Amino acid sequence: IITSRSHQLENEIRVLRGHHNAATPVCRLPPEMLSTIFQHLLPEPAQGSSPYGGTKLPPDVVRATHVCRHWRCVALSCTSLWDNLDFEFPQLTDAMIDRSDAALLEIKYGNSPST
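A brief report on the enclosed structure follows. Everything quoted here is computed from the prediction, not taken from an experiment.

## Let's talk about the overall build of the chain
Turning to step 1, where the next piece is worked out: A tally of regular secondary structure across the chain gives five helices and three strands.
Turning to step 2, where the next piece is worked out: Helices (α) and strands (β) of the chain occur, in sequence order from the N terminus, as α-α-α-α-β-α-β-β.
Turning to step 3, where the next piece is worked out: Scored against the burial criterion, the 115 residues of the chain give a buried share of 25%.
Turning to step 4, where the next piece is worked out: Restricting to contacts in the chain with at least 6 residues of sequence separation, those with at least 24 account for 39%.

## Regarding helix α4 (residues 69-77)
Side chains three or four residues apart in an α-helix point the same way, a direct result of the helix having 3.6 residues per turn.
Turning to step 1, where the next piece is worked out: By the burial criterion, the buried members of α4 are Trp-71, Val-74 and Ala-75. Seen along its axis, α4 keeps its buried residues to an arc of 95°; they face one direction. In α4, the exposed positions that point more than 90 degrees away from the buried face belong to Arg-69, Cys-73 and Ser-77.

## Side note on the nonpolar core
Turning to step 1, where the next piece is worked out: Counting 13 residues, the largest nonpolar core has Leu-34, Phe-38, Trp-71, Leu-81 and Trp-82 as the members making the most contacts within it.
Turning to step 2, where the next piece is worked out: When residues of this core are traced back to their parent elements, those giving at least two are α2 (31-39), α3 (59-64) and α4.
Turning to step 3, where the next piece is worked out: Counting residues per element, this core draws most heavily on α4, which supplies three residues.
Turning to step 4, where the next piece is worked out: Residues in contact with Phe-38, not counting those within four places in the same chain, are Val-61, Ala-64, Trp-71, Val-74, Ala-75 and Leu-81.

## Describing the pattern of salt bridges
Turning to step 1, where the next piece is worked out: Scanning the model with the defined rule gives one salt bridge in all.
Turning to step 2, where the next piece is worked out: Of the charged contacts, one joins Glu-12 and Arg-5 as a salt bridge, the two residues approaching to 3.8 Å between their closest N and O atoms.
Turning to step 3, where the next piece is worked out: Given a relative accessible area of 43%, Glu-12 falls into the partly exposed group.

## Here we look at the packing of aromatic side chains
Turning to step 1, where the next piece is worked out: Under the counting rule described, the total for this entry stands at one aromatic pair.
Turning to step 2, where the next piece is worked out: Judged by centre distance (5.6 Å) and plane angle (70°), the ring pair of Phe-38 and Trp-71 falls under edge-to-face. Here the residue Phe-38 occupies a position in helix α2, and Trp-71 occupies one in helix α4, the gap between them amounting to 33 residues. Each of the two residues, Phe-38 as well as Trp-71, counts as buried.

## What to know about the packing of α2 against α4
Turning to step 1, where the next piece is worked out: Packing of α2 against α4 leaves a shortest axis separation of 9 Å and a crossing angle of 70°. When the interaxial angle is binned, α2 and α4 end up roughly perpendicular. On the side of α2, the interface is formed by Pro-31, Leu-34, Ser-35 and Phe-38, while α4 contributes His-70, Trp-71, Val-74 and Ala-75.

## Considering the side chain of Ser-35
Turning to step 1, where the next piece is worked out: Here Ser-35 shows up in helix α2.
Turning to step 2, where the next piece is worked out: Beyond its immediate stretch of four places on either side in the chain, Ser-35 contacts Val-74 and Cys-78.

## Focus on the side chain of Thr-65
Turning to step 1, where the next piece is worked out: By the element assignment, Thr-65 lies in the loop between α3 and α4.
Turning to step 2, where the next piece is worked out: Residues contacting Thr-65, with those up to four places away along its chain left out, are Arg-72, Ala-75, Leu-76 and Trp-82.

Cut-off values and rules
Residues numbered from 1 in each chain as written. Predicted model: local features only at pLDDT ≥ 70, side-chain atom pairs only at ≥ 80, totals over all residues. Heavy atoms only, no water. Helix = DSSP H or I, 4+ residues; strand = E, 2+ residues; numbered from the N terminus. Buried < 20%, exposed > 50% of the residue type's maximum accessible area, 1.4 Å probe, protein only. Contact = heavy atoms within 4.5 Å. Arc of directions from axis to C-beta. Core = buried A, V, L, I, M, F, W, Y, C linked by side-chain atoms within 4.5 Å. Salt bridge = Lys/Arg side-chain N within 4 Å of Asp/Glu carboxyl O. Phe/Tyr/Trp six-rings, centres within 6.5 Å; stacked < 30°, edge-to-face > 60°. Axes fitted to C-alpha atoms, helices over the stretch in contact; angles between N-to-C directions. Parallel < 35°, antiparallel > 145°, perpendicular 65-115°, else oblique.

And the structure:
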(Lines give C-alpha, C1' and ligand atoms only; values in the text may rest on other atoms or scores of the structure.)
Protein backbone atom coordinates (compact mmCIF):
# COMPACT_ATOMS: atom_id res chain seq x y z
CA ILE A 1 0.00 0.00 0.00
CA ILE A 2 2.84 2.43 0.81
CA THR A 3 4.65 1.56 -2.41
CA SER A 4 1.49 2.06 -4.43
CA ARG A 5 0.82 5.45 -2.84
CA SER A 6 4.45 6.45 -3.37
CA HIS A 7 4.11 5.70 -7.12
CA GLN A 8 0.88 7.71 -7.26
CA LEU A 9 2.56 10.71 -5.66
CA GLU A 10 5.57 10.43 -7.99
CA ASN A 11 3.21 10.42 -10.98
CA GLU A 12 1.36 13.46 -9.64
CA ILE A 13 4.66 15.29 -9.17
CA ARG A 14 5.71 14.36 -12.72
CA VAL A 15 2.45 15.77 -14.10
CA LEU A 16 2.82 18.98 -12.08
CA ARG A 17 6.39 19.43 -13.28
CA GLY A 18 5.24 18.89 -16.86
CA HIS A 19 2.61 21.61 -16.49
CA HIS A 20 5.14 23.93 -14.90
CA ASN A 21 7.69 23.33 -17.67
CA ALA A 22 5.08 23.85 -20.37
CA ALA A 23 4.41 27.33 -18.99
CA THR A 24 8.04 28.49 -19.16
CA PRO A 25 8.95 30.80 -22.06
CA VAL A 26 11.61 28.49 -23.49
CA CYS A 27 9.05 25.68 -23.80
CA ARG A 28 6.58 27.92 -25.62
CA LEU A 29 8.85 28.55 -28.60
CA PRO A 30 7.14 27.38 -31.79
CA PRO A 31 8.51 24.21 -33.42
CA GLU A 32 9.66 26.13 -36.52
CA MET A 33 11.82 28.42 -34.42
CA LEU A 34 13.23 25.57 -32.35
CA SER A 35 14.06 23.60 -35.49
CA THR A 36 16.03 26.57 -36.81
CA ILE A 37 17.88 26.87 -33.50
CA PHE A 38 18.63 23.14 -33.50
CA GLN A 39 20.11 23.45 -37.00
CA HIS A 40 22.70 25.83 -35.56
CA LEU A 41 23.74 23.11 -33.11
CA LEU A 42 25.06 21.00 -35.97
CA PRO A 43 28.82 21.41 -36.41
CA GLU A 44 30.33 22.38 -39.73
CA PRO A 45 32.20 19.34 -41.08
CA ALA A 46 35.89 19.72 -41.84
CA GLN A 47 36.94 18.58 -45.32
CA GLY A 48 37.21 14.77 -45.37
CA SER A 49 36.21 14.26 -41.74
CA SER A 50 33.15 13.04 -39.94
CA PRO A 51 30.74 15.96 -39.49
CA TYR A 52 30.36 15.08 -35.82
CA GLY A 53 34.03 14.98 -34.89
CA GLY A 54 34.30 11.21 -34.58
CA THR A 55 31.06 10.62 -32.70
CA LYS A 56 27.81 9.29 -34.10
CA LEU A 57 25.59 12.21 -33.14
CA PRO A 58 26.34 15.86 -32.53
CA PRO A 59 26.44 16.13 -28.72
CA ASP A 60 24.63 19.48 -28.61
CA VAL A 61 21.70 18.09 -30.59
CA VAL A 62 21.47 15.10 -28.29
CA ARG A 63 21.55 17.39 -25.25
CA ALA A 64 18.73 19.46 -26.74
CA THR A 65 16.55 16.34 -26.80
CA HIS A 66 16.93 16.10 -23.01
CA VAL A 67 15.83 19.64 -22.10
CA CYS A 68 12.09 18.98 -21.97
CA ARG A 69 9.35 17.03 -23.73
CA HIS A 70 8.60 19.85 -26.14
CA TRP A 71 12.21 20.18 -27.22
CA ARG A 72 12.58 16.41 -27.54
CA CYS A 73 9.46 16.13 -29.67
CA VAL A 74 10.58 18.97 -31.95
CA ALA A 75 14.19 17.73 -32.26
CA LEU A 76 13.15 14.15 -32.99
CA SER A 77 10.73 15.31 -35.66
CA CYS A 78 13.28 17.64 -37.31
CA THR A 79 14.45 15.25 -40.03
CA SER A 80 17.45 17.32 -41.10
CA LEU A 81 19.11 16.71 -37.73
CA TRP A 82 19.19 12.97 -38.36
CA ASP A 83 19.92 12.63 -42.08
CA ASN A 84 23.71 12.26 -41.91
CA LEU A 85 24.53 8.57 -41.38
CA ASP A 86 27.99 7.28 -40.58
CA PHE A 87 28.18 3.49 -40.61
CA GLU A 88 31.35 3.55 -38.53
CA PHE A 89 28.90 3.96 -35.64
CA PRO A 90 26.13 1.43 -36.41
CA GLN A 91 24.58 1.42 -32.93
CA LEU A 92 22.41 4.46 -33.72
CA THR A 93 21.92 4.02 -37.46
CA ASP A 94 18.41 2.54 -37.16
CA ALA A 95 17.24 5.37 -34.90
CA MET A 96 18.68 8.00 -37.24
CA ILE A 97 17.03 6.40 -40.29
CA ASP A 98 13.69 6.41 -38.46
CA ARG A 99 14.13 10.03 -37.39
CA SER A 100 15.24 11.19 -40.82
CA ASP A 101 11.81 10.14 -42.15
CA ALA A 102 11.72 10.79 -45.90
CA ALA A 103 14.67 13.21 -46.00
CA LEU A 104 17.50 12.72 -48.46
CA LEU A 105 20.21 10.87 -46.54
CA GLU A 106 23.92 11.55 -46.61
CA ILE A 107 25.65 8.26 -45.94
CA LYS A 108 29.27 7.89 -44.96
CA TYR A 109 30.87 4.49 -45.27
CA GLY A 110 34.61 4.40 -44.93
CA ASN A 111 36.25 7.67 -46.03
CA SER A 112 33.86 9.03 -48.63
CA PRO A 113 30.32 10.37 -48.11
CA SER A 114 27.64 9.71 -50.69
CA THR A 115 24.06 10.87 -51.13
